[in-house]
Structures are given as structure tokens and as C-alpha cells.
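Each chain is listed here by its residues.
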Amino acid sequence: MFWRWHFYAGIILTPILLMLAVTGASYLFRGNIEHWLYQDYTEVSAEGERHEASVVTQAVLDERPEAHITRYQPPGGEGQAAEVGITTASEEGMTVFVNPYTLDITGTLLNKNRVMDRVQEFHGELMIGTTGDRIVETAACWTIFMLISGLYLWWPSRSQMANRKSFLPGPSDNKRQKRKRIHSVPAFWISGGLLFFLLTGMLWTGFWGDGVQRIATSTGIGYPPSIWVGEAPVSDAVTTDTGDVSWAAEQMPVPESYAGNAYERISIDHVVNTAERTGVVSGFNVYYPSSETGVFTVSAFPDQAQNEVTMHINQYNGSILADYRWEQYPLPAKVMAMGITIHKGLQFGIWNQLFGLLICVGLIGIILSGIRLWWTRRPAGKLGAPKSMSAWKFRGFVFLVIGFGIVFPLFGLSVLILYALDYLIIRRISRLRTFFHMT
């Protein structure tokens, strides 16, 4: 029973898992790749005095008077360009790179043309939006189930454990056993890392990940009262709507700006100075208010999770309305935030990238070895699946599937769909029954 489910999961998931492994491996090196691609835009000569943010943004508006500024990122250090995010007259998102010393525009880039953003979009949702997100999430659920079933099939006897035979892909007189070990032993060694990447990746998904966030908030392990200056806001808007922020802050309600006696928006200089004065690490973004009651949102989403900051600032008087940092994260949020930065290959630098690359390459290897294992034993004219058996004869297996479907609802839904397909179509057509090894 485990073998049959493991087999079908592997056959169905192979294209998606190969895509996830290849795009994931490349995304681990996003910073290196973007530095190589856009070096002429981001690196400048540090000559003279660096201008304030307001002067830099005005230089962009002078060049593109029809544009609407949505984001500002101060230079990350000496010799670095500032980034100004704008919406053009045609409603397209664009990033303008500006030399903060000379105010020259070093380059412009449509957001839809950023290569690594497209890789991320393909990795997370197959570039087809919500439907792709659900497909990737379902594939991740089935991969976890495939890991469990694979470990069950591989699990060695006491004698095999004693001589460590099952833990090394050594030589064997039986070619089939040798091929099986080439597939199963590496899968065992990367299973822990692969499970980690699957679970942390699912935190970004629109169904399971969003549900985890909502459960964390509703059970009181979300945002502590100390992050609010005054009462917590009652708002339908959440922080992820304002810009790219840390996972822990995505569902945080957004406070509103109140004008009082001041009806003019504060300058971007005030916001940047507030962020720097309060210890926000360099490389942060400032997202502009999108309405008269909106706020400036300062988001530091850096390499190390310990430096994450999400801050909302009143657009009229400059007061800090909310300030959410690592120190205030509850333990589950810290675990998840750390998991995400490790997943992206950022937390521990090059060693983190190499660890992630090892898991991706290992995944590709066990996929290819699994395909070879299947192809060499496949009977002519048949799929070569293990024989069909009634799952109801194995209560433990049924309870495992039901429990897994409760924890991962899209997995449960896909099982019901496959069961209906099997019962209503495959079992009623003799050729399909034969092909799928139902008889």
C-alpha cells in the first residue's frame, strides 16, 4: 500500500519537483545574481556629499513628472545607489536607481522584468497566480507524504542497522537492489533538510501559510500590545498590503494617520531619519501612504531574521504608531522567521546557500534515480505500478491519510479527487484497469 502511493506520488510530482529544485537552487543565489546583472545600476562613485532622500526622490520626479512614488530605499552604504520605486503613467511598477552624490539616474528597471522576481514567482505559483499557488502547495503536501512513505519502505531491519548496510549506497550483487539503494540512501540523508525546506516554503502559501498566520494571531501568539503606541488599530487592512514585509508582520493590522492640526505630509527625510535613529539596519525600504489615512511603512527584511523591523509612521506628524521587531516576536514567530531566512539561503551566508544547494541537487538526484528505478522494471504496455489493494484493510494507513488531510487540507482534497477519479472512471474501463495495474 505504501509502495503504491509512493509510486504514484513520484510519477505525478516529478515535473513540479524538478521545477522547484531548479528554481529554488537559483533563488538561493539571488543576491549574487542580481549584483552581477545590475551592478552598473547599483554601484556608483562616492564623490562629494550624499544628498538627502527628498532631493533624490525629487530628481526622479523631475525626470518623470507623471510618476507616483511608492517606495524609497536609502543607499546601503558608500558607493551604493538609492532605489526609488514609482508607478508610471501607464500604471506599471518601476525601480529607478539614483546616484545619491550626483543625482544622476544610473538605470531604470520595470519590476516585471526583474529576473529573480520572475524566478520567485515561478517557484511559488508557476506564474499563474492563485491557481499555481494551490498547485505548488498541494505538491509540497504530497512530497511530505512521499518522504514518510519512502522512509517507511526504506526502514532497515535491526541486523541491517547494526552493520550500517542500509545507510550507504555500496555495491550489491543484485542490480535492482543496487538501484534501489542509489535512490533510497541519498533520500534518507537529505530527508530532514528537504522536510525543513518544504514546511518553511509552505509558510508563504496562500492557503496553508495564510491559515497558520491567522491561527497564530487568533490564539494570542501574534502581536504583543507593546508594539502599538496607543490602542491597537481596528482595521481591515493588513501590513502585507502596504509592501514587502517580514512573514511575522504580514497579518498585522495597519493603523491610520490622523492629521490633527497638520495637513501636510512629512518629508521622506523625516521618515528615513526616524528609522536610522531607532536602529533600523541599512537596506530598509520605506513604503509611501496609499491614501489620506495611510501610513509610511518602514520594512527591514534583511538577511538575518534578528534584524527584521516593521514600523508604521503617521504621515502627518511623524509619530511612530507601531514598531514590531524580533525582540517582540513570540517564539513561534521567531522560529518561522528564522526558518524563512534559512529557506532563502540568507541567515548563515555562503554556508546557508551551500546547504540549500545540496538539498536541491540531492532532490534532483533522487528524482532521476527514482525514474530510472521505475523504467528498468516497468512491464511492456503497463505503467508498472504496485498492485492495487483496498486501503480499508489497513486501518493504520487510513488513519495516517485522514490525519494528514486534516493537517494539510489541500492534500485531503486531492485524495478525495483521486479516489473519485479512480472509482468513477479508471475502475470502469478495462484498458485503464490493466494499464494502472488494477487487475
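Residues numbered from 1 in each chain as written. Predicted model: local features only at pLDDT ≥ 70, side-chain atom pairs only at ≥ 80, totals over all residues. Heavy atoms only, no water.

### As for the packing of aromatic side chains
Right, so step 1: A complete count under the given rule lists 25 aromatic pairs for this structure.
Right, so step 2: Here Trp 154 and Phe 188 contribute two aromatic rings whose centre-to-centre distance is 4.4 Å and whose plane-to-plane angle is 20°, an arrangement assigned as stacked. With Trp 154 in helix α6 (residues 130-154) and Phe 188 in helix α8 (residues 175-202), this residue pair connects regions lying 34 residues apart in the sequence.
Right, so step 3: Of the residues examined, Trp 154 reaches a relative accessible area of 11% and is grouped as buried.
Right, so step 4: By relative accessible area, Phe 188 is classed as partly exposed at 22%.
Right, so step 5: Measuring from centroid to centroid gives 5.8 Å for Trp 326 and Tyr 329, while their planes differ by 55°, and the two rings are tilted.
Right, so step 6: Taking relative accessible area as the criterion, Tyr 329 reaches 4% and is therefore assigned buried.
Right, so step 7: An aromatic cluster of three or more residues is present, and its members are Trp 5, Trp 142, Phe 145, Trp 208, Phe 397, Phe 404, Phe 408 and Phe 411. (Phe/Tyr/Trp six-rings, centres within 6.5 Å; stacked < 30°, edge-to-face > 60°. Helix = DSSP H or I, 4+ residues; strand = E, 2+ residues; numbered from the N terminus. Buried < 20%, exposed > 50% of the residue type's maximum accessible area, 1.4 Å probe, protein only.)

### Structural notes on the pattern of salt bridges
Right, so step 1: According to the stated counting rule, one finds nine salt bridges in the structure shown.
Right, so step 2: Residue Arg 114 is joined to Glu 34 by a salt bridge in which the shortest nitrogen-to-oxygen separation is 4.0 Å. Taken together, the residues Arg 114 in the loop between β4 (105-110) and α5 (115-125) and Glu 34 in helix α2 (residues 30-37) connect sequence positions 80 residues apart.
Right, so step 3: The class for Arg 114 is buried, based on a relative accessible area of 11%.
Right, so step 4: Among the residues examined, Glu 34 registers a relative accessible area of 14% and is labelled buried.
Right, so step 5: One salt bridge connects Arg 71 with Glu 83, and the closest N-O pair in it is separated by 3.3 Å. With Arg 71 in strand β1 (residues 68-73) and Glu 83 in strand β2 (residues 82-87), the pair connects residues that are 12 residues apart, well separated along the chain. Each member of the pair Arg 71 and Glu 83 is classed as buried. (Salt bridge = Lys/Arg side-chain N within 4 Å of Asp/Glu carboxyl O.)

### A few points about the nonpolar core
Right, so step 1: The biggest cluster of nonpolar side chains holds 42 residues, and the ones touching the most others in it are Trp 5, Trp 142, Phe 145, Phe 408 and Phe 411.
Right, so step 2: For Trp 142, the contacting residues outside a window of four places in its chain are Trp 5, Ala 9, Leu 13, Phe 411, Ser 414, Val 415 and Leu 418.
Right, so step 3: Ala 82, Ile 86, Val 98 and Val 309 belong to the second largest nonpolar core, which has 29 residues in total. (Core = buried A, V, L, I, M, F, W, Y, C linked by side-chain atoms within 4.5 Å. Contact = heavy atoms within 4.5 Å.)

### Structural notes on helix α1 (residues 2-27)
Right, so step 1: Of all the bends in α1, the greatest, near 55°, is centred on Leu 13, and the proline Pro 15 appears no more than four residues after it.
Right, so step 2: Along α1, 19 of the 26 residues are buried, which leaves the element largely enclosed by surrounding structure. (Bend = angle between axes of the 7 residues up to and from the residue.)

### Notes on the sheet that holds β1
Right, so step 1: Spatially, β4-β3-β2-β1-β5-β6-β7-β8 is the arrangement adopted by the eight strands of the open sheet, whose pairing is antiparallel. Of all the strands in the sheet, the pair left with one neighbour each is β4 and β8 (320-325). With strand direction ignored, the average angle separating the axes of adjacent strands in the sheet is 20°.
Right, so step 2: Across five bridges, the pairing between strand β3 (residues 93-98) and β4 is antiparallel. By the bridge assignment for β4, Val 98 is matched with Ile 105.
Right, so step 3: The sheet strands contacting helix α10 (residues 268-277) are β1, β5 (285-287), β6 (295-300), β7 (309-314) and β8, and the helix crosses β6 at an angle near 40°. (Pairing = 2+ DSSP bridges. Axes fitted to C-alpha atoms, helices over the stretch in contact; angles between N-to-C directions.)

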